[in-house]
Amino acid sequence: MSVQQSAGGERFIRRYEYDDSWVIAAELGVDDDDAVDVDVVGTTAIVVVDHGDRVSETEFEFELPGTDATVETNNGVLTITVSK
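Note that the structure is predicted; figures quoted are calculated from it, not measured. (Residues numbered from 1 in each chain as written. Predicted model: local features only at pLDDT ≥ 70, side-chain atom pairs only at ≥ 80, totals over all residues. Heavy atoms only, no water.)

**Concerning the sheet that holds strand S5 (residues 44-50)**
Whenever strands of a sheet pair, they do so through backbone hydrogen bonds, lying parallel or antiparallel. Our working definition: Here, a strand pair is defined by DSSP locating no fewer than two bridges between the strands. Labels follow the DSSP assignment, with helices taken as runs of H or I lasting at least four residues and strands as runs of E lasting at least two, numbered in each case from the N terminus. Axis lines are fitted to C-alpha atoms, over the contacting stretch for helices. Their N-to-C directions set the angle, which ranges from 0 to 180 degrees.
Spatial strand order, S4-S5-S6: 3 strands in an open sheet with antiparallel pairing. Each edge of the sheet is formed by a strand with only one pairing partner; in this case those strands are strand S4 (35-41) and strand S6 (57-63). In this sheet, neighbouring strand axes are inclined to one another by 15° on average, regardless of whether the strands run parallel or antiparallel. In the sheet, S4 pairs with S5 via 7 bridges, with the strands oriented antiparallel. Paired with Val36 across the bridge in S5 is Val49.

And the structure:
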């Protein structure tokens, strides 16, 4: 397993490489009532966070190491698993 890390703004992203997949974990820093929507288009993950009653939305995107991805969010952490 190898690990790569990066931080951008309030986000901290780690990428783990295993024999059969990559796992990307991103701390979103969102509240429980914030809605998180993730779209994967090709090798790009597009993340939109709707902050509920607050006026603003947060949108960011990052490249994935492949196209066969599954997405999960739990307790403000986004996890994307990409098969090799």
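Structure's up, so let's keep going.
**Some words on the environment of Val23**
Selection rule: Remark: exposure states derive from per-residue accessible area (1.4 Å probe, protein chains only) relative to the maximum for the residue type, with buried under 20%, exposed over 50%, and partly exposed in between. Any two residues having at least one pair of non-hydrogen atoms within 4.5 Å are treated as being in contact.
Looking at the element boundaries, Val23 is found in strand S3 (residues 21-27). For Val23, a relative accessible area of 18% puts it in the buried group. Along the backbone, Val23 and Ile80 are 57 residues apart, and their C-alpha atoms lie at a distance of 5.7 Å. Excluding residues within four positions of it along the chain, Val23 makes contact with Arg14, Arg15, Tyr16, Tyr18, Thr79, Ile80 and Thr81.

**Concerning the packing of aromatic side chains**
The following threshold applies: Whether two aromatic rings pair depends on their centres lying within 6.5 Å, for rings of Phe, Tyr and Trp, where Trp uses its six-membered ring; planes under 30 degrees apart make the pair stacked, over 60 edge-to-face, and the rest tilted. Either the NZ atom of lysine or the CZ atom of arginine qualifies as a charge over a ring when it sits within 6 Å of the ring centre and within 35 degrees of the ring normal.
A full pass over the atoms with the stated rule returns 1 aromatic pair. A centroid spacing of 6.2 Å and a plane angle of 20° characterise the contact between Phe60 and Phe62, whose relative ring orientation is stacked. Directly above the ring of Trp22 sits Lys84, whose terminal nitrogen or CZ lies 5.1 Å from the centroid.

**Focus on the confidence of the model for the chain**
Heads up, the condition is: Values of pLDDT, the confidence the predictor places in each residue, fall between 0 and 100.
Of the residues in the chain, 85% have a pLDDT of 70 or more, and the chain-wide mean is 85. No element of the chain has a lower mean pLDDT than strand S1 (residues 2-8), at 61, and none a higher one than strand S8 (residues 77-83), at 95.

**Examining the pattern of salt bridges**
Applied cut-off: A pairing counts as a salt bridge when a side-chain nitrogen of Lys or Arg comes within 4 Å of a carboxyl oxygen of Asp or Glu.
Inspection of every chain in the model, using the stated rule, returns 1 salt bridge. Between Lys84 and Glu17 there is a salt bridge whose closest N-O contact spans 2.8 Å. Separated by 67 residues along the polypeptide, Lys84 in the segment after S8 and Glu17 in strand S2 (residues 11-17) bring together distant segments of the chain. Judged by its relative accessible area of 49%, Lys84 is partly exposed. Residue classification places Glu17 among the partly exposed residues on the basis of a relative accessible area of 29%.

**Description of the side chain of Ser21**
Here Ser21 lies in strand S3. Beyond its immediate sequence surroundings of up to four residues, Ser21 is in contact with Tyr16, Thr81, Val82, Ser83 and Lys84.

**Quick notes on the nonpolar core**
We count it as follows: We define a nonpolar core as any set of buried Ala, Val, Leu, Ile, Met, Phe, Trp, Tyr and Cys residues linked to one another through side-chain atoms lying within 4.5 Å.
Ile24, Leu28, Val47, Phe62, Leu64, Leu78 and Ile80 are the most contacted members of the largest nonpolar core, which has 16 residues in total. Only S3, S5, S6 and S8 provide two or more residues apiece to this core. With residues up to four places along the chain from it excluded, the contact list for Leu28 reads Val36, Val47, Phe60, Gly76 and Leu78.

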